[in-house]
Amino acid sequence: MSLRPSVYGYLLLLLWAVAATLALQEWRAAWVLAALLAVRLALGAGEKEPRPRVRWRWVAILGALLLVPWLLAGEGGRWAGFLLGVQMALRGATVLVAAHLFASAVSVAELTALFEGLGARGLGFAVGVAFNLLPTVQEMARTTYHAMRLRGAFRRPGLRAARLFLVTLVSGALRHADEVVAAAEARAFDPAGPAPARVPRPVRADAGLALLVLMVTAAALLW
Amino acid sequence: MSSARPSRRAARWSVRDLVYIAIFGALWGGLEASLGSYLHVVKVPFTGVVMASLGLLLALVGRLFVPRRGSVAMIGVVTALLKMLSLGGIVLNPMIGILAESALAELALSAWKRPAREAFALAGAVGVLWVFFHPFLTQGILAGQGIVTVYGWALASGARLLGLPLEAVGAILASLLALHAGAGAVAGLLAWEVGWAVRRRISSGGGLSP
């Protein structure tokens, strides 16, 4: 039996973490952060990102949250300012860990299937297509930029050059889109058709996560 | 029987609409990944205004090709999800920003029955105005710094960037709001121009060549 929650479980965790961080005061958010870290430890990193990367920008922001109240407080209130900074950093870190857990554990296919299951068939298809087109679009933008640069279009950079760049890029992207439309129609894709059979179903681990969420919320409120 | 019947909601979008929404979402997502990251690293002032203006410009061009209610909001949702899924890591703030900007632009567009130049200008202005209010939500409420603290930061940075004394609160706020709305309106008007130019180019059979 797999212990891995489905997309519903991870979505529940993310929404709970954001709501609890907003609602719980003072040190109570520590309960939420501890629960999230425990889940991450128990389930391991997601398939998409086997090793968590340290993002120094976020370390700097959390550090600033810690230090600014301490520095701005007067001599007498420095300790109180520091504690306030720790509380703010704690709330920030909680939301960040929840978002990271969701982003690293849920794949595009799972999210697409979730949208399909919720009735937003078009959105799931659009996200899947956009995800696959992203490298093509970026390559298209690079090609357009270099083609225009070599022809001297940016010798006098301005609104005219930017407009020409955008018109060329969007025209090329739409031509490519027509090929995708033809391919989808050739495969008989119909956004108005019946829902696909593989809609994700909640698993037992989701119920475990829901129980954890309830217990941690109760503990944080009673503490 | 009932499962085979298409719902009214799902029947709204054709395959072409959805692929065009995906294309414009990918264009906005690509812009965020390349120029957005670069501008944030080099700490250019008003990076949020620049990125929101360019993003909404693309989304509004998309509206000309998918002239249905909800298309700009849908492009925003696709971009936000791309940001989360493809760029990895923690991008909650920009995701909230993209969703709010596109939703506000969609709201402004809904006042007109058909796409119009003025609607595009208003949608751009309203969407980019969110950039001014964004820190109040993300840093003031979500991060718990307090709205008054963020208001103080906004005033201080505005005074510094505009070269005004900190006491001129009204002038600083009015200038910042006008700058945001103006940039958005220009983006909206440019979207109208670019959209029609793209239409002309496609209908004339023009290729990828600039």
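The structure displayed is predicted, hence computed values, not measured ones. (Residues numbered from 1 in each chain as written. Chains lettered and ligands numbered in written order. Predicted model: local features only at pLDDT ≥ 70, side-chain atom pairs only at ≥ 80, totals over all residues. Heavy atoms only, no water.)

(A) Main features of the overall build of chain A. Scanning chain A from terminus to terminus reveals 8 helices and 0 strands. Residues counted as buried form 43% of the 223 residues belonging to chain A. A sequence separation of at least 24 residues applies to 75% of the contacts in chain A between residues at least 6 apart. Here chain A displays about 12,400 Å² of accessible surface, and carbon together with sulfur accounts for 67% of that area. (Helix = DSSP H or I, 4+ residues; strand = E, 2+ residues; numbered from the N terminus. Buried < 20%, exposed > 50% of the residue type's maximum accessible area, 1.4 Å probe, protein only. Contact = heavy atoms within 4.5 Å. Areas by Shrake-Rupley, 256 points an atom, 1.4 Å probe, with all protein chains shown as cover.)

(B) Main features of helix 2 (residues 47-65) of chain B. Given a rise of 1.5 Å per residue, 19 residues ought to cover 27 Å, and the 28 Å separating the end C-alpha atoms of helix 2 of chain B matches this to within 8%. Counted residue by residue, helix 2 of chain B has 16 buried out of 19 residues, so it is predominantly covered. (Expected span 1.5 Å × (residues − 1).)

(C) Spatial organisation of the layout of surface pockets. Reported here for the second largest pocket is a volume of approximately 790 Å³. Phe165 and Leu166 of chain A together with Leu31, Leu35 and Leu54 of chain B are the residues nearest the centre of the second largest pocket, which is lined by 29 residues in total. Elements supplying a minimum of two residues to the lining of the second largest pocket: helix 6 (121-150) and helix 7 (159-186) of chain A together with helix 1 (15-41), helix 2 and helix 7 (169-203) of chain B. By residue class, the composition of the lining of the second largest pocket is 22 nonpolar, 6 polar and 1 charged. (1 Å grid on protein atoms, 1.4 Å probe; cavity = no way out; pocket = protein on both sides within 12 Å on 5 of 7 lines; lining within 4 Å. Points joined across faces, edges and corners; volume = space filled by probe spheres on them. Nonpolar A, V, L, I, M, F, W, Y, C, P; charged D, E, K, R; others polar.)

(D) Layout of the pattern of salt bridges. Within this structure, the stated rule accounts for 6 salt bridges over all chains. A salt bridge links Arg16 of chain B to Asp178 of chain A; the shortest N-O distance between them is 2.6 Å. Taken together, the residues span two chains, with Arg16 of chain B in helix 1 and Asp178 of chain A in helix 7. With relative accessibility at 37%, the residue Arg16 of chain B sits in the partly exposed group. The partly exposed category is assigned to Asp178 of chain A, whose relative accessible area is 31%. (Salt bridge = Lys/Arg side-chain N within 4 Å of Asp/Glu carboxyl O.)

(E) Main features of helix 2 (residues 29-43) of chain A. All names here are of chain A. Given a rise of 1.5 Å per residue, 15 residues ought to cover 21 Å, and the 21 Å separating the end C-alpha atoms of helix 2 matches this to within 8%. For helix 2, the complete set of buried residues consists of Ala29, Val32, Leu33, Ala35, Leu36, Val39 and Arg40. The buried residues of helix 2 all sit within an arc of 160 degrees when viewed along its axis, so they share a single face. Among the exposed residues of helix 2, those pointing more than 90 degrees away from its buried face are Leu41 and Ala42. (Arc of directions from axis to C-beta.)

(F) Expanded view of the packing of aromatic side chains. Residue and element names in this part refer to chain B. Tallying each qualifying case throughout the model produces 5 aromatic pairs over all chains. Seen in terms of ring centroids, Tyr20 and Phe65 are 6.4 Å apart; in terms of plane orientation they differ by 80 degrees. Their pairing is edge-to-face. On the criterion of sequence distance, the pair formed by Tyr20 in helix 1 and Phe65 in helix 2 is long-range, its members being 45 residues apart. Each member of the pair, Tyr20 as well as Phe65, carries the same accessibility label: buried. Note on Phe120 and Trp192: the rings are 5.2 Å apart at their centroids and 85 degrees apart in plane angle, and the pair reads as edge-to-face. Here Trp192 lies in helix 7 and Phe120 lies in helix 5 (residues 117-142), a separation of 72 residues in the sequence. Of the two residues, Phe120 and Trp192, both sit in the buried class. Among the aromatic residues, those joined into a cluster by ring pairs are Tyr20, Phe24 and Phe65. Against the face of Phe65 rests Arg199, its NZ or CZ located 5.4 Å from the ring centre. Sitting above the plane of the Trp196 ring, Arg199 keeps its charged end 5.0 Å from the centroid. (Phe/Tyr/Trp six-rings, centres within 6.5 Å; stacked < 30°, edge-to-face > 60°. Lys NZ or Arg CZ within 6 Å of the ring centre and 35° of its normal.)

(G) Looking closely at the nonpolar core. Core analysis: the biggest nonpolar cluster contains 102 residues, and Leu111 of chain A together with Phe24 and Leu27 of chain B have the highest contact counts within it. Residue contributions to this core peak at 13 residues, all from helix 1 of chain B. Those residues in contact with Phe24 of chain B that sit more than four places away from it in its chain are Val170 and Leu174 of chain A together with Leu58, Val61, Gly62, Phe65 and Ile75 of chain B. Phe132, Phe136, Leu155 and Ile172 of chain B belong to the second largest nonpolar core, which has 7 residues in total. (Core = buried A, V, L, I, M, F, W, Y, C linked by side-chain atoms within 4.5 Å.)

(H) Main features of the confidence of the model for chain B. Residues and elements named next belong to chain B. Model confidence for chain B is summarised by a mean pLDDT of 83, while 87% of its residues fall at 70 or above. Of all helices and strands in chain B, the one with the weakest mean pLDDT is helix 6 (residues 147-162) (78), whereas helix 2 scores best (93). The complex model carries a pTM of 0.72, and its ipTM stands at 0.81. (pLDDT = per-residue confidence, 0-100.)

(I) Representation of the packing of helix 6 of chain A against helix 1 of chain B in the model. Relative orientation of the contacting elements helix 6 of chain A and helix 1 of chain B amounts to 50 degrees, with a least axis distance of 7 Å. Judged by the angle between their axes, helix 6 of chain A and helix 1 of chain B are oblique. Helix-helix and strand crossings are classified by hand; for helix 6 of chain A and helix 1 of chain B the assignment is right-handed. Along the contact surface, helix 6 of chain A presents Gly122, Phe125, Ala126, Val129, Ala130, Leu133, Leu134, Val137 and Gln138 of chain A, while helix 1 of chain B presents Val15, Leu18, Val19, Ile21, Ala22, Ile23, Ala26, Leu27, Gly29, Gly30 and Ala33 of chain B. Looking at the contact of helix 6 of chain A with helix 1 of chain B residue by residue, the classes come out as 16 nonpolar, 4 polar and no charged. (Axes fitted to C-alpha atoms, helices over the stretch in contact; angles between N-to-C directions. Parallel < 35°, antiparallel > 145°, perpendicular 65-115°, else oblique. Left-handed = near helix turned anticlockwise from the far one by under 90°.)

(J) Here's a closer look at the packing of helix 1 (residues 7-23) of chain A against helix 2 of chain A. All names here are of chain A. Relative orientation of the contacting elements helix 1 and helix 2 amounts to 160 degrees, with a least axis distance of 10 Å. As summarised for this structure, helix 1 and helix 2 are arranged roughly antiparallel, according to the angle between their axes. The handedness of the crossing between helix 1 and helix 2 comes out as left-handed. Residue-level inspection shows Tyr10, Leu13, Trp16, Ala17 and Ala20 of helix 1 in contact with helix 2, the latter providing Val32, Ala35, Leu36, Val39 and Leu43. Broken down by class, the residue content of the contact of helix 1 with helix 2 amounts to 10 nonpolar, no polar and no charged.

(K) Expanded view of the environment of Ala98 of chain A. Residue and element names in this part refer to chain A. Following the sequence through the fold, Ala98 ends up in helix 4 (residues 78-105). Through-space distance from the C-alpha of Ala98 to that of Leu222 is 23 Å; in sequence the pair is 124 residues apart. Non-local contacts of Ala98, meaning those with residues more than four positions away in its chain, are made with Leu14, Ala17 and Leu36.

(L) Layout of the side chain of Glu106 of chain B. Residue and element names in this part refer to chain B. Within the secondary structure, Glu106 sits in helix 4 (residues 92-109). Within the local environment of Glu106, its side chain forms a polar contact with the backbone nitrogen of Val72, the two atoms lying 3.0 Å apart. Apart from the residues lying within four places of it in its own chain, the contact partners of Glu106 are Arg63, Arg69, Gly70, Ser71, Val72 and Ala73. (Polar contact = N/O pair within 3.5 Å; in protein donor to acceptor, adjacent residues only side chain to side chain.)

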